[in-house]
Structure formats: C-alpha cells, structure tokens
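What follows is the residue order along each chain.
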There are 2 protein chains.
Amino acid sequence: MMVLISYDVSTVSAAGKTRLRKVAKECQNHAQRVQNSVFEADLDYSSFLKLKDSLLKLINPEEDSLRFYYLGNNWNKKIEHIGAEKTYDPEGVIII
Amino acid sequence: MMVLISYDVSTVSAAGKTRLRKVAKECQNHAQRVQNSVFEADLDYSSFLKLKDSLLKLINPEEDSLRFYYLGNNWNKKIEHIGAEKTYDPEGVIII
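Residues numbered from 1 in each chain as written. Chains lettered and ligands numbered in written order. Predicted model: local features only at pLDDT ≥ 70, side-chain atom pairs only at ≥ 80, totals over all residues. Heavy atoms only, no water.

*Asks:* Teacher, can you tell me more about the relation of the copies chain A and chain B here?
*Replies:* To go from the first copy of the chain to the second, apply a rotation about an axis and then a shift along the same axis. For the pair chain A and chain B, the relating rotation is 180°, the translation along its axis is 0.0 Å, and the fit reaches an RMSD of 0.0 Å. Seen this way, the second copy is the image of the first under a two-fold rotation axis. Minimal C-alpha distance to the rotation axis in chain A is attained by leucine 71 of chain A, lying at 3.6 Å. (Least-squares fit on C-alpha atoms with pLDDT ≥ 70 in both.)

In structure tokens form, the structure reads like this:
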C-alpha cells in the first residue's frame, strides 16, 4: 500500500528541532522523501502501522501534526511532479 | 475534484523567498492550507487548471518543485490527521 506522509513539526524550541530531526530520520528509514517534509511509504500494512506508531511517539501532538493520505492502488497515476527532482524514485531501493 | 498540492521552494536566495511567498499566497487563495507547505484544493477541473498554471509560472523549475496528488472521490476517507490542528476545515469557506 502507498501512503503519503506529511508533517509539520514546530521548531521554535530546541526540543522541537530534535523532534523534527527524529521524525525526518524515521521517515527516511522507511519511506521515500519526495519533498522536504513529504514522504511516500510503499509498505505492507503491518510495516506501515509500525512506522505510524513510531511517528506518533516522536511528535508533540499539541504543537506538531502528521497527515497520512492513503493513495490506494494505481497510485502512480495519481501523482504529478513538476520541477526540481531530488533523489526521488518510487520504485528505488531504500538504503537503511 | 480534490487535489493535494505540496511544494518545495528553495529559499537560499532573496528571489527564492519571494517565490515562496507568492506560491503560498496563490495556494491560500484557492485551497485549504493543511500544513506549512501542503494544501488541499477542492476545485472544479477548470479552476484547478488555472491554479496549476499560475503555480507553474511562479516557481523556478530548476530549484523548486510542485507535487499534485489527485485524490479522486471519497477523498475524505483517505486522509488521516494527527496532532495540532490549524485552521483546517475541508468543507470550510475560503476567505480570499
């Protein structure tokens, strides 16, 4: 299943900056970064639930937010990218 | 139709900061901000094409990127939000 994950982590405090680093790292370990705070996770359901659970534990829900978009099947037809490419390859190997 | 729009605009230069402000403002005028650089546009196809065209003219495609996720019908069942809410209301009125 393909899930788009986006996050906003408040970085007004040092603790927030630390949370941001941890959230980004956790996403990078399990999903493809497509923009600065946007990742695409092509995972089986159980792996996705583990990632989601980890992220929930990392954020401060009063200051930060996570959004999950369940893109379903044929997700690659639903996505359009314009402009600068970074290292995005949805079928690429994720180096953990 | 519901389209998720996310952007990365490079702000290393003053010109980049100006582009970022313009892209954000254009999105704010036509879509609901759900996170810092993530918007949801619930527009008819022609209005969406106008918005997309405006955004394409604002970015520098060598430095910035735009992503469009076409969420289709039943999009509200495909989205999960966790944590801090800002002013998000997908059915709310957009004040232009």
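*Asks:* Would you explain the sheet that holds strand β2 (residues 32–35) of chain B in this entry?
*Replies:* Across a sheet, paired strands are connected by hydrogen bonds in the backbone, their directions being either parallel or antiparallel. Strand order in the open sheet formed by five strands is β5(A)-β4(B)-β1(B)-β3(B)-β2(B), and the pairing between neighbours is antiparallel. Either end of the sheet is taken by a strand with one partner, and the two such strands are β5 (79–83) of chain A together with β2 of chain B. In this sheet, neighbouring strand axes are inclined to one another by 25° on average, regardless of whether the strands run parallel or antiparallel. Bridging between β2 of chain B and strand β3 (residues 38–42) of chain B involves three bridges; their strand directions are antiparallel. Directly across from glutamine 32 of chain B, in β3 of chain B, lies its bridge partner glutamate 40 of chain B. The strands touched by helix α1 (residues 14–30) of chain B within the sheet are β1 (2–8), β2 and β3 of chain B, with β1 of chain B carrying the most contacts at an inclination of about 165°. Helix α2 (residues 45–58) of chain B rests against β5 of chain A together with β1, β3 and β4 (65–70) of chain B of the sheet, and its axis sits at about 165° to β4 of chain B. (Pairing = 2+ DSSP bridges. Helix = DSSP H or I, 4+ residues; strand = E, 2+ residues; numbered from the N terminus. Axes fitted to C-alpha atoms, helices over the stretch in contact; angles between N-to-C directions. Contact = heavy atoms within 4.5 Å.)

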